[in-house]
Structures are given as C-alpha cells and as structure tokens.
Amino acid sequence: MQDALQSIYQSHRKRFKKKQRLVLSVQIVILIAFFAMWEIAGRLKWIDVLLFSYPSKVFAQIARDSLDGSLWPHLGITVGETIVGFLLGTLFGTGLAMLLWWWDFLAKVVDPYMVVLNSMPKVALGPLFIVSFGPGFMAIVATTLSITVIITTLVVYQSFREVDPNFVKVVRVFGGNKRTVFRKVILPASVPAIVSTLKVNVGLAWIGVIVGEFLVAKIGLGYLIVYGFQVFNFTLVLSTLIVIAVVATAMYKLVAYIERKLA
C-alpha cells in the first residue's frame, strides 16, 4: 500500500514539475519574442527610436552604467527604501488589522475612514510628507507606507473575519479566551492571506518609493527616470524601468519562495 501511494506521489510530482517547466518555457519565449519584435521595430524605424529606443541600446546603457559604477548608488538607495517600506507597511498593516479584530467597536468606527484613505490619490499626499519629514528618506518611506499600510490592513482584517466561526466556537467551549482564540485559530488560519499580502506589497512598495523619488529624491531609480525625461534621454528611462522590473521580480520570487515554504 505504501509503495503504491509513493508511486502515485512521484507521478504527481513529475507531472507538476513538467507543467512548471512548460510554463517557464512559454514565459521565456514570450519575453524573447517581445524583445525581438521591439528590436526589429526600432531597427526598421517602425517606431520612434528617440522615444522608444530598442533593446540592444537599452541593455548597452545598463551595461555601461553598471561598469562605470553610476547605477549602483541609485539602485542601492531605491532597494533600501523599498525594503524598509515593504517591511514596515506589512508590519503596521498587520498590527492594525489585529487591533481592529480585537476591538470590534473601533473597527466599526474607522471603517468609513479606511475606505476614504484607500481611495485617496497617494501622490496628492506627497507634498504633505515632504513638509512634515523633509525632502529625503523619511518622506519617501512615508509615501510608501501610505500605500501599503491601508491595503494590508483591509486584506488581513477581512481574512481574520472570514475564519470559520465553528473553529472559534470549539476553542470557546473548551474555555479559551480571546487571546487564545486569536493565537490558536485566527492567526494560523490567516497565514496564507498574510503571505499573499506580502506579494501584493512588493509591487505597492515599489510604486510608493518611485513616486516618492519623483517628488523629492536627488538619488535613486526614480530620480534617474525624472532626469532621463528632463534631458530627453529615453534610453536611460527605459533602462531604469527594466532594472526596476528585474529587481522587483526578484523580490516577488523571494516572497513566493517563502510562501511555498510556509505552506
């Protein structure tokens, strides 16, 4: 019996890995086809190369900036700001969700305010953060938190509320208090939602940091984009966007790896 189950499991693993390899292969083919079409369109003047450039020129720009060292300070400061905003946004948002679950009256009071804050354009808050924290690191992190905290709070709090109430009743029947219910039932059941929120927050943190750097930064990838537009160097703009995409993808893959391990 055990050998049969092991055989079924191994067969399932093989099919799963084969499907993963197929998905990855298709993704790579699509990416290569995109860059190939972009290169051809640029070389044959189907597109305005002043605005859209073409891949070989963009990657040459990345290689040149990497070799002369001018890229690394901008990349380092932006990644640092993103990591800080990502971690603080997740921690504060989860903590606020825990507070709302614990204190139902507070949740009812702040619910409309949370909706309003979530719908408010965060770019409009940028000048307030600049005045409050100064044109620097703190203003950029504050802009990032204004995006990540609200989303995290809403998603995690909703996850807390959707836990099967029968589990809560069982703990209550055996004499568990609210602390025990949260520790034994609510939090463990919500781990998948919290980890999924991490993946969403990767993108939101990058958006917040780049927006903040648009407004105040004198260094960072967001600053490079603004500078590229100012001097009409759109190759620099596109190369910076590709660097952001690569690093953001790496962060997303890391969070997805953590999610698989926790699951």
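Residues numbered from 1 in each chain as written. Predicted model: local features only at pLDDT ≥ 70, side-chain atom pairs only at ≥ 80, totals over all residues. Heavy atoms only, no water.

Attention now moves to empty space enclosed by the protein. What the rule picks out here adds up to one cavity of 30 Å³ or more. A volume near 40 Å³ is recorded for the largest cavity. Forming the boundary of the largest cavity are I62, D65, L71, L224, L236, S239, T240 and V243. Where the lining of the largest cavity is concerned, the elements lending two or more residues are α3 (55-67) and α11 (234-262). Here the lining of the largest cavity takes four residues from α11, the largest share from any one element. (1 Å grid on protein atoms, 1.4 Å probe; cavity = no way out; pocket = protein on both sides within 12 Å on 5 of 7 lines; lining within 4 Å. Points joined across faces, edges and corners; volume = space filled by probe spheres on them. Helix = DSSP H or I, 4+ residues; strand = E, 2+ residues; numbered from the N terminus.)

As for its placement among the helices and strands, S70 is situated in the loop between α3 and α4 (71-102). For S70, the side chain forms a polar contact with the side chain of D68, separated by 2.7 Å. (Polar contact = N/O pair within 3.5 Å; in protein donor to acceptor, adjacent residues only side chain to side chain.)

Right, let's talk about unusual backbone geometry for a bit. A positive phi angle, near 65°, is found at K45, a position not held by glycine. When you line up the elements, K45 lands in the loop between α1 (2-43) and α2 (49-52). Although it is not a glycine, S53 adopts a positive phi angle of roughly 50°. As for its position among the elements, S53 is in the loop between α2 and α3. For S53, a relative accessible area of 0% corresponds to the buried category. (Buried < 20%, exposed > 50% of the residue type's maximum accessible area, 1.4 Å probe, protein only.)

Further remarks concern a nonpolar patch on the surface. Together, L99, W102, W103, F105, V109 and Y113 give the surface a local cluster of nonpolar side chains, amounting to about 680 Å² of exposed area. For the nonpolar patch, the secondary-structure elements that each account for two or more residues are α4 and α5 (104-119). Ranked by residues supplied to the nonpolar patch, first place goes to α5 with three residues. (Patch = residues over 30% accessible without salt bridge, like charges linked within 9 Å, V, L, I, M, F, W, Y side chains within 5 Å. Areas by Shrake-Rupley, 256 points an atom, 1.4 Å probe, with all protein chains shown as cover. Salt bridge = Lys/Arg side-chain N within 4 Å of Asp/Glu carboxyl O.)

All told, the structure shown has ten aromatic pairs when counted by the stated rule. Taking the centre distance of 5.4 Å and the plane angle of 65° together, the rings of F34 and F35 count as edge-to-face. Ring pairing ties together the aromatic residues F34, F35, W38 and F59, which thus form one cluster. (Phe/Tyr/Trp six-rings, centres within 6.5 Å; stacked < 30°, edge-to-face > 60°.)

Attention now moves to the nonpolar core. Counting residues in hydrophobic clusters, the biggest one holds 24 residues, and the most contacted among them are W206, L221 and V243. For this core, the elements supplying multiple residues, two or more each, are α3, α4, α9 (178-216), α10 (221-230) and α11. Looking at this core element by element, the count peaks at nine residues for α11. Other than its neighbours up to four places away in sequence, V243 contacts I62, L71, L75 and L221. With 16 residues, the next largest nonpolar core counts A97, L100, V181 and V185 among its residues. (Core = buried A, V, L, I, M, F, W, Y, C linked by side-chain atoms within 4.5 Å. Contact = heavy atoms within 4.5 Å.)

The values are spatial; any link to function lies outside them.
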